[in-house]
Amino acid sequence: MIRDKKILIGITGGIAAYKIPILIRLLVKAGAEVKVVVTPEAKSFVTPLTLSVLSQNKVYCEPYDAETGEWSSHIELGLWADMYLIAPLTANTMAKMAYGIADNLLLTTYLACRSKVFVAPTMDVDMFNHITTQNNIKTLKQQGVEVIMPHAGELASNLIGVGRMEEPERIFSIIKNHFQQKQDLAGKNVLITSGPTVEKIDPVRYISNHSTGKMGSALAIEAANRGAKVTFISGTVQSYPNHPNIDVIKVISATDMLQQCINNYKDKDILIFAAAVADYFVENPAEHKIKKSEEALNIKLSKTKDIIKEIMPLLSENQITVGFALETDNAVENAKKKLQQKKLNYIVLNSLQDEGAGFAVDTNKVMIISPDNVQEYGLKTKTEVATDIFNYINKK
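To start, this report covers the structure provided alongside it.

Reading the values: the criteria
- Residues numbered from 1 in each chain as written.
- Predicted model: local features only at pLDDT ≥ 70, side-chain atom pairs only at ≥ 80, totals over all residues.
- Heavy atoms only, no water.
- Axes fitted to C-alpha atoms, helices over the stretch in contact; angles between N-to-C directions.
- Helix = DSSP H or I, 4+ residues; strand = E, 2+ residues; numbered from the N terminus.
- Parallel < 35°, antiparallel > 145°, perpendicular 65-115°, else oblique.
- Left-handed = near helix turned anticlockwise from the far one by under 90°.
- Contact = heavy atoms within 4.5 Å.
- Nonpolar A, V, L, I, M, F, W, Y, C, P; charged D, E, K, R; others polar.
- Phe/Tyr/Trp six-rings, centres within 6.5 Å; stacked < 30°, edge-to-face > 60°.
- Buried < 20%, exposed > 50% of the residue type's maximum accessible area, 1.4 Å probe, protein only.
- Lys NZ or Arg CZ within 6 Å of the ring centre and 35° of its normal.
- Pairing = 2+ DSSP bridges.

**Observations concerning the packing of helix H1 (residues 20–29) against helix H8 (residues 168–179)**
Item 1. For the pair H1 and H8, interaxial distance at closest approach is 9 Å and the crossing angle is 40 degrees. One element, H1, and the other, H8, form an angle in the oblique class. Taken as a pair, H1 and H8 cross one another with a handedness that is right-handed. Where H1 approaches H8, its residues Ile22, Leu23, Leu26 and Leu27 are matched on the opposing element by Pro168, Glu169, Ile171, Phe172 and Ile175.
Item 2. Of the residues that constitute the contact of H1 with H8, the class distribution is eight nonpolar, no polar and one charged.

**Regarding the packing of aromatic side chains**
Item 1. Taken as a whole and judged by the stated rule, the model has one aromatic pair.
Item 2. When the centroid spacing of 5.5 Å and the interplanar angle of 85 degrees are considered together, the rings of Tyr346 and Tyr392 count as edge-to-face. Separated by 46 residues along the polypeptide, Tyr346 in strand E18 (residues 346–351) and Tyr392 in helix H13 (residues 382–395) bring together distant segments of the chain. By the burial criterion, Tyr346 is buried, and Tyr392 matches it.
Item 3. Sitting above the plane of the Trp80 ring, Lys35 keeps its charged end 4.6 Å from the centroid.

**Observations regarding the sheet that holds strand E21 (residues 373–376)**
Item 1. On the basis of which strands lie adjacent, the open sheet formed by eight strands has the order E13-E12-E9-E14-E17-E18-E20-E21 and mixed pairing. Either end of the sheet is taken by a strand with one partner, and the two such strands are strand E13 (246–250) and E21. In this sheet, neighbouring strand axes are inclined to one another by 15 degrees on average, regardless of whether the strands run parallel or antiparallel.
Item 2. Relative to strand E12 (residues 229–234), strand E9 (residues 189–194) is paired through six bridges, and the arrangement is parallel. Considered in E12, the bridge of Ser194 is made with Ser234.
Item 3. Sheet contacts for helix H9 (residues 214–225): E9, E12, E13, strand E14 (270–273) and strand E17 (320–327); angle to E12, the most-contacted strand, approximately 170 degrees.

Rendered as structure tokens:
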């Protein structure tokens, strides 16, 4: 599956750069076309000549070569690649990727890249465990970057701990598995709602909930990786999924989300309603900030329109619908009622009673419920849960 694939490798200034020539050789022997872009610091660890000989291609470093007058376009490199692997990934470059800083060719190419991006971090144990690094890893994952986590071992500092870059043979296997991934959603159109809605009280206050949109983002990335074209309708969250197959539509209120669902439902094969939509909105939001002058403040709330109930009558029998239920008591019974009342094909239940499930965490524990079946899963990452959900849908 790797044969004829175009793989772009970015190398940053880490000692583990010495492993990358081995990886390049494995990829070329498997029939891949490999191009390499390096940071100026990377050349201290591995020479461009070595990389060029092994890849059988020019090695890119600077946007402009003063000696030859050649221009190296980050746009062309980004469009060329079927995959962009950045390995080793230093803490410095990781931070720049997380916040969109593009001060070298490797980073501008990252921002221009439309293909799947993999990274293999490497650094000393304390740098890796630092809260800033851990937050940057989470940010990259939320943006759709696949992180090949380092493992424990002896580091260049002679310390023992996590921070050792994965071995080239293992990275080669991960790349091979990526290109063998199911494309069972190729040609399908998927609509996913995600995140919270925000209902305005006044210009500075609002009603909302604790949803971070992590589960919705994981579903969007999974569908896109399996070949689907995804319309992702999301409330305000910290980060949105980044993939060439995902069209992100940002909304604020429940009314906004409903309207975008109405605008986009017609050609969708699968509709997944994962958003945490507010049940009530403020009937008369204030035009100016409400001053703290009274002991009590009364705000009149009215019910929002139920997005699923509004959309369901518009759909055909061939369109698959999936809802989400978050329950705190009588979870299965309440989820089954919701499935029946809203006439969904499936409902995904997660409970706030389960440790590690729910809002603002990277894991979830769900049941997938259909009219004739309840399938329970253990605690998994939200990426793995997204895989389980699409596997379940496609088996039916």
